[in-house]
Amino acid sequence: MPTNHPQKGNLLVAEPSLTGDVSFNRSIVLLAEHNKEGSVGFILNKPLSYTINDLVEDIKASFKVYNGGPVEQDNLYFIHKVPHLIEDSIEISNGIFWGGNFQKIVGLINDNTITQKDIRFFLGYSGWDSLQLDFELSSKSWIVTHNIYKSAILEKCTIDLWKEKMDELGGDYLLWSNAPENPALN
């Protein structure tokens, strides 16, 4: 369901007009924070070629790492759905949490208590200054929708979710759902 008023926990679906934007083309962003100072989110559907053990040698698992956005891409961030296991987590909404005690996470992953279905790692994040996201919404760069998947968004959000969202929106968006990622290759 599209909405005009973004809130923490909503999804930002990139409009098809963002085809030239390297960071956000066909992106689905989970808003982790949205207030009068600005907004923070993580791109959910852009896996990188890295796994977490490529970046953190103490972790003995090969969970995928995602491009969270163009800001601070040399920093690792994570969201999860196991706050009862990870202290200092901040609830985003719908059973999804941001951050927490990283050393605890390393141990929980290594002893198989946390699986890839429970957590998602990102290099970088998506950020907007005060009113910047509002401007982008008014210029039709994003569609704001509720996260109907709740905590299952970690499993649901694959590279195909943008196409699925275009199909759900219907109308002119159906045409874009089947368009090639790079229209010049058509």
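Check the entry above for the structure.
Residues numbered from 1 in each chain as written. Predicted model: local features only at pLDDT ≥ 70, side-chain atom pairs only at ≥ 80, totals over all residues. Heavy atoms only, no water.

A. Molecular detail of the side chain of Asn45. Inspection of the secondary structure assignment puts Asn45 in the loop between β4 (38–43) and β5 (47–51). On the basis of relative accessibility, which here comes to 3%, the residue Asn45 falls in the buried class. Of note is the side chain of Asn45, whose polar atom sits 2.8 Å from the backbone oxygen of Arg26. A polar side-chain atom of Asn45 sits 2.9 Å from the main-chain amide nitrogen of Ile28. Those residues in contact with Asn45 that sit more than four places away from it in its chain are Arg26, Ser27, Ile28, Cys157, Thr158, Ile159 and Trp162. (Helix = DSSP H or I, 4+ residues; strand = E, 2+ residues; numbered from the N terminus. Buried < 20%, exposed > 50% of the residue type's maximum accessible area, 1.4 Å probe, protein only. Polar contact = N/O pair within 3.5 Å; in protein donor to acceptor, adjacent residues only side chain to side chain. Contact = heavy atoms within 4.5 Å.)

B. Seen up close, helix α5 (residues 161–169). Three or more residues of α5 are buried, namely Leu161, Trp162, Lys165 and Met166. The arc that holds every buried residue of α5, seen down its axis, measures 145°, which confines them to one face. Residues of α5 that are buried make contact with β2 (11–14), β3 (28–35), β11 (142–145), α4 (153–156) and α6 (172–177). Directly beyond the C-terminal end of α5, a positive phi value near 65° is found at Gly170. (Arc of directions from axis to C-beta.)

C. Inspection of the pattern of salt bridges at higher detail. On inspection of all chains with the given rule, the structure shows five salt bridges. Where Glu87 meets Lys104, a salt bridge forms, and the shortest distance between an N and an O atom there is 3.9 Å. Of this pair, Glu87 sits in the loop between β7 (71–80) and β8 (90–93) while Lys104 sits in helix α2 (residues 102–110), and the two are 17 residues apart along the sequence. According to the relative accessible area criterion, Lys104 is partly exposed, its value standing at 35%. A salt bridge links Lys156 to Glu164; the nearest nitrogen and oxygen atoms lie 2.7 Å apart. Among the residues examined, Lys156 registers a relative accessible area of 31% and is labelled partly exposed. Exposure remark for Glu164: the relative accessible area of 30% places this residue in the partly exposed category. (Salt bridge = Lys/Arg side-chain N within 4 Å of Asp/Glu carboxyl O.)

D. Summary view of the environment of Ile86. Summarising the element assignment, Ile86 is placed in the loop between β7 and β8. Note: C-alpha distance between Ile86 and Gly100 (14 residues apart in sequence) is 5.7 Å.

E. Region of interest: the packing of aromatic side chains. Taken as a whole and assessed by the stated rule, the structure comprises 10 aromatic pairs. Seen from their ring centres, Phe42 and Trp98 are 5.6 Å apart, and the 80° between their planes marks the pair as edge-to-face. Taken together, the residues Phe42 in strand β4 and Trp98 in strand β9 (residues 96–98) connect sequence positions 56 residues apart. For Phe42, a relative accessible area of 0% translates into the label buried. According to the relative accessible area criterion, Trp98 is partly exposed, its value standing at 21%. (Phe/Tyr/Trp six-rings, centres within 6.5 Å; stacked < 30°, edge-to-face > 60°.)

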